[in-house]
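One-letter residues, chain by chain:
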Amino acid sequence: MNILMVCLGNICRSPIAEGVLIEKAAKAGLNWRIESAGTNGFHDGEHPHHLSTKICSQNGIDISSQRSRKFSKKDLLEYDMIFAMANDVIFDIQRIAQEEYSEEKVQLFLEPLYPGKLQNVPDPWYGTEKDFVEVYDLINKACDAIINQYANPSKTN
Ligand code: 4NP
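Every value quoted in this text rests on a predicted model; they were computed, and no experiment measured them.

Q: Talk me through the state of the cysteines; I want residue IDs and the actual numbers.
A: Taken as a whole, this structure holds 0 disulfides when the rule is applied. Cysteine 7 takes part in no disulfide bond, and the closest cysteine sulfur to it belongs to cysteine 12, at a distance of 6.9 Å. Here cysteine 143 is not disulfide-linked; the sulfur of cysteine 56 is the nearest cysteine sulfur, at 9.8 Å.

The following block contains the structure:
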């Protein structure tokens, strides 16, 4: 299964989600390809935010080799699941994807954890280290819910 994590800048939230889910999928023996992108492209080519990198590192996850890239229409064809960190990201994905948009593929990242609640991962961009820690903890729980929901017994999807 090919999974894309999407936020606005692809430097704070979705790089953490990519790194955490890669780690959990590997531990679960799942052959998933997991990447991330951002809808605004403002930080194209940049490393993740230093606080995202720091908090992942404190949890044994190295995201320092990631680089921000802009979400594109063809991502709808390349990925099986596209997880948006928040509602405004879904609107951006709809705007960029146009006729390729798929309600089956695109969903809120917190949906598997909090079904039907339409919860957003708060944007920590203007926040403090504490905000990044809270975002990390939320993403960590949500990735467990994704593994539980999407891993099948053969562990090859
Ligand atoms: P992210 O946070 O979407 O979690 O990567 C943001 C980072 C940068 C900006 C917005 C959100 N920005 O507008 O530059």
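Q: How would you sum up the site of the ligand? Please name residues and give values.
A: With respect to spatial proximity, the complete set of residues near the ligand consists of Cys7, Leu8, Gly9, Asn10, Ile11, Cys12, Arg13, Asn40, Phe42, His43, Asp123 and Trp125. Take cysteine 12: an N or O atom from its main chain is 2.9 Å from an oxygen atom of the ligand. In isolation the ligand exposes 350 Å². Once the protein is present, 90% of that is buried. Here the shell around the ligand is composed, by residue class, of 6 nonpolar, 4 polar and 2 charged.

Q: Please set out the nonpolar core residue by residue, giving values where relevant.
A: Of all hydrophobic cores here, the largest spans 34 residues; its most connected members are Met5, Leu21, Trp32, Phe109 and Ile139. Residue assignment for this core shows that the elements contributing at least two residues are strand S1 (2-7), helix H1 (13-27), helix H2 (50-58), strand S3 (81-84) and helix H5 (129-150). Among all residues touching leucine 21, those that are not within four sequence positions of it are Ile3, Met5, Trp32, Ile34, Cys143, Ile146 and Ile147. Leu8, Ala84, Val89 and Leu108 belong to the second largest nonpolar core, which has 17 residues in total.

Q: Can you explain the packing of aromatic side chains? Please cite residues and give values.
A: In total, this model carries 3 aromatic pairs according to the counting rule given. Ring geometry for phenylalanine 83 versus tyrosine 150: centroids 6.0 Å apart, planes at 75°, classification edge-to-face. With phenylalanine 83 in strand S3 and tyrosine 150 in helix H5, this residue pair connects regions lying 67 residues apart in the sequence. Judged by its relative accessible area of 0%, phenylalanine 83 falls in the buried class. Ring pairing ties together the aromatic residues Phe83, Phe109 and Tyr150, which thus form one cluster.

Q: For the packing of H1 against H5, give the residues involved together with the corresponding values.
A: How two helices pack is summed up by the angle between their axes together with the distance between the axes. H5 packs onto H1 with a crossing angle of 45° between their chain directions and a minimal axis gap of 9 Å. When the interaxial angle is binned, H1 and H5 end up oblique. With respect to the hand of their crossing, H1 and H5 are arranged in right-handed fashion. Within the contact between the two elements, H1 uses Arg13, Ile16, Ala17, Val20, Leu21, Lys24 and Ala25 and H5 uses Val135, Tyr136, Ile139, Asn140, Cys143, Asp144, Ile146 and Ile147. Residue composition of the contact of H1 with H5, by class: 11 nonpolar, 1 polar and 3 charged.

Q: A description of the sheet that holds strand S4 (residues 106-108) should follow, citing residues and the corresponding values.
A: Spatial ordering of the open sheet is given by S2-S1-S3-S4, a layout of 4 strands whose pairing is parallel. Where the open sheet ends on each side, the last strands, each with one partner, are strand S2 (33-38) and S4. If you compare each strand with its neighbour and ignore which way they point, the axes differ by 25° on average. As defined by bridge partners, S3 adjoins S4 across 3 bridges and the pair is classed as parallel. Bridge pairing in S4 places phenylalanine 83 opposite glutamine 107.

Reading the values: rules and limits
Within each chain, residues carry numbers counting from 1 in the order of the written sequence. With pLDDT at 70 or above as the cut-off, local features in this predicted model cover only qualifying residues; side-chain atom pairs require 80 or more to be listed or tallied, and sums for whole chains, interfaces and linings still use all residues. Side-chain measures were taken over the full set of non-hydrogen atoms in the model, leaving aside hydrogen atoms and water. For this text, the term disulfide refers to a pair of cysteine sulfurs within 2.5 Å. Near residues are defined by distance, with any heavy atom within 4 Å of the molecule or strand qualifying the residue. Polar contact is defined as a pair of N or O atoms within 3.5 Å, subject to the rule that within protein one atom must be able to donate a hydrogen and the other to accept it, and that residues adjacent in sequence are counted only when both atoms are side-chain atoms. The protein chains shown are the only cover counted for residues, whose accessible areas, like all others here, come from Shrake-Rupley with a 1.4 Å probe. Under the grouping applied here, Gly and all other residues not named as nonpolar or charged are polar, the nonpolar ones being Ala, Val, Leu, Ile, Met, Phe, Trp, Tyr, Cys and Pro and the charged ones Asp, Glu, Lys and Arg. Definition used in this section: a nonpolar core is a set of buried Ala, Val, Leu, Ile, Met, Phe, Trp, Tyr and Cys residues joined via side-chain atoms within 4.5 Å. Remark: exposure states derive from per-residue accessible area (1.4 Å probe, protein chains only) relative to the maximum for the residue type, with buried under 20%, exposed over 50%, and partly exposed in between. In DSSP terms, a helix is any run of H or I states spanning at least four residues, a strand is any run of E spanning at least two, and both are numbered starting from the N terminus. Only heavy atoms matter for contacts: two residues are in contact if any of them lie within 4.5 Å across the pair. Side-chain rings of Phe, Tyr and Trp, where Trp is taken by its six-membered ring, are said to pair if the distance between their centres is within 6.5 Å; with planes under 30 degrees apart they count as stacked, over 60 as edge-to-face, and otherwise as tilted. Here, axes are lines fitted to C-alpha atoms. For helices the fit covers the stretch in contact, and angles between N-to-C directions go from 0 to 180 degrees. Relative orientations are named as follows: roughly parallel for angles under 35 degrees, roughly antiparallel for angles over 145 degrees, roughly perpendicular for angles from 65 to 115 degrees, and oblique for any other angle. Working rule for handedness: look at the near helix, and if it is turned counterclockwise from the far one by less than a right angle, call the crossing left-handed; if clockwise, right-handed. A pair of strands is treated as paired once DSSP finds two or more bridges between them.

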